[in-house]
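# Residue-level structure breakdown
Listed below are the residues making up each chain.
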Amino acid sequence: MILHPTAATGALLALAGAVLIVLTRQGTAAGALAGFAVALLAALGLGAPALLPLAIFVLGSGILTRLGRDRKERMGAAEADQGRRGVAHVAAKLSLPAVASALALFGAAPGRALALVYVASLAGAFADTAATELGPVMGGAAFGFRGGRITAVLHGTPGGMSIAGFATAAAAACAVAGGAWSVGLLDSTPAACIAAGAGFLASALESLLAGTPWGSRVGHFGRNVFLSLASAGLAVSARALGWSGS
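None of these values were measured; they are calculated from a predicted model.

Turning to the environment of F226, a few remarks are in order. Positionally, F226 belongs in helix α9 (residues 213-240). As for F226 and L209, which are separated by 17 residues in sequence, their C-alpha atoms are 9.2 Å apart. If sequence neighbours within four positions are ignored, F226 has contacts with L205, E206 and L209.

Right, dumping it as C-alpha cells:
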C-alpha cells in the first residue's frame with residue numbers, strides 16, 4: 001500500500017465534504033457515506049489534489065439540480081427526491097473513480113494514467129449532469145436518437161439534448177479537467193484537454209445510447225456506468241496515442 005503524502009489532509013477534506021453534503025441536503029446520509037468512502041480512497045491513493053475535481057462534480061451537481069427546479073418540475077425534467085443523491089447515484093457515477101483511486105493506493109498501475117482515468121470519468125459524469133440539469137432551464141429545442149435518426153423530443157426524455165445542453169456539457173467537462181490541472185493532478189495542459197474531451201464525447205455517446213433499445217434495457221444506472229467506462233476508455237486511448245503529453 002502506497003499512501004499519498006497528502007493523504008491525511010485529503011482525508012480531513014473528504015470528511016468535511018461529506019458533512020457539507022448532509023447539511024445542505026444534497027444527498028442522503030447513506031449517499032454521503034458512500035461519497036465519503038470514494039473521496040477517502042481518492043485522498044489516500046491520488047492525494048488531496050484529487051478532491052478538487054471530485055468537489056466540482058459533486059457540489060456543482062447539487063447546485064445545478066436546484067437551479068430552476070420549479071421550471072424543471074413543470075416540464076417533468078426534475079430529479080426525484082428534490083435531487084438528493086443516494087447510494088445508487090454514487091455507485092453509478094463514482095465507481096470508476098473509486099477503482100482508479102484504489103489501484104493508485106496499491107501501486108497497481110502508473111499514477112499518471114490512473115489520474116487521467118479518474119479525471120476523465122468525473123468530467124463525463126459532470127458533463128452529463130450539467131446537460132440534464134441546465135438544458136431545460138436554458139431552453140431551446142431538444143433532440144434525441146430514435147429509430148435510427150435524430151428527432152425532436154421533450155426535455156427530460158432520456159437521451160434528449162439541446163444546443164444549450166451540449167454547451168453546458170462541454171463547459172462542465174472543462175471545469176473538472178481544469179480544476180484537476182490547476183492543482184497538479186494532471187501534469188500537462190494536453191492531459192487536461194484529453195480528460196475534458198473524453199468526458200464530453202462520452203456524454204454525447206451516452207445520449208445516443210439512451211435512444212436505442214439496448215439503452216432502454218440497461219436503464220439509467222447502466223447508461224451511467226457506460227458513461228464512466230467510455231470516458232476512461234477514450235482518455236486512455238488518447239494517452240496511448242501520445243496525445244496527452246505524458
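Right, let's talk about the pattern of salt bridges for a bit. Pairs can form between side chains of opposite charge whenever their charged atoms are close. Per the counting criterion, the structure on display carries three salt bridges. In this structure, D187 and R112 form a salt bridge, with 2.8 Å as the shortest nitrogen-oxygen distance. Residue D187 is found in the loop between α7 (163-182) and α8 (189-210), and its partner R112 is found in helix α6 (residues 111-138); the two are separated by 75 residues along the sequence. Accessibility expressed as a relative area gives 42% for D187, which makes it partly exposed.

Moving on to the packing of aromatic side chains. Overall, the coordinates contain two aromatic pairs when judged by the stated rule. Ring centres of F57 and F126 lie 6.3 Å apart, and the angle between their planes is 75°; on these two criteria the pair is classed as edge-to-face. Of this pair, F57 sits in helix α3 (residues 51-66) while F126 sits in helix α6, and the two are 69 residues apart along the sequence. Like F126, F57 is buried. Summarising the aromatic geometry, the rings of F166 and F200 are spaced 6.3 Å apart at their centres and angled 70° between planes, so their arrangement reads as edge-to-face. On the criterion of sequence distance, the pair formed by F166 in helix α7 and F200 in helix α8 is long-range, its members being 34 residues apart. The class of F166 is partly exposed, set by a relative accessible area of 34%. Assessed through its relative accessible area of 24%, F200 is described here as partly exposed.

What counts as what
- Residues numbered from 1 in each chain as written.
- Predicted model: local features only at pLDDT ≥ 70, side-chain atom pairs only at ≥ 80, totals over all residues.
- Heavy atoms only, no water.
- Helix = DSSP H or I, 4+ residues; strand = E, 2+ residues; numbered from the N terminus.
- Contact = heavy atoms within 4.5 Å.
- Salt bridge = Lys/Arg side-chain N within 4 Å of Asp/Glu carboxyl O.
- Buried < 20%, exposed > 50% of the residue type's maximum accessible area, 1.4 Å probe, protein only.
- Phe/Tyr/Trp six-rings, centres within 6.5 Å; stacked < 30°, edge-to-face > 60°.

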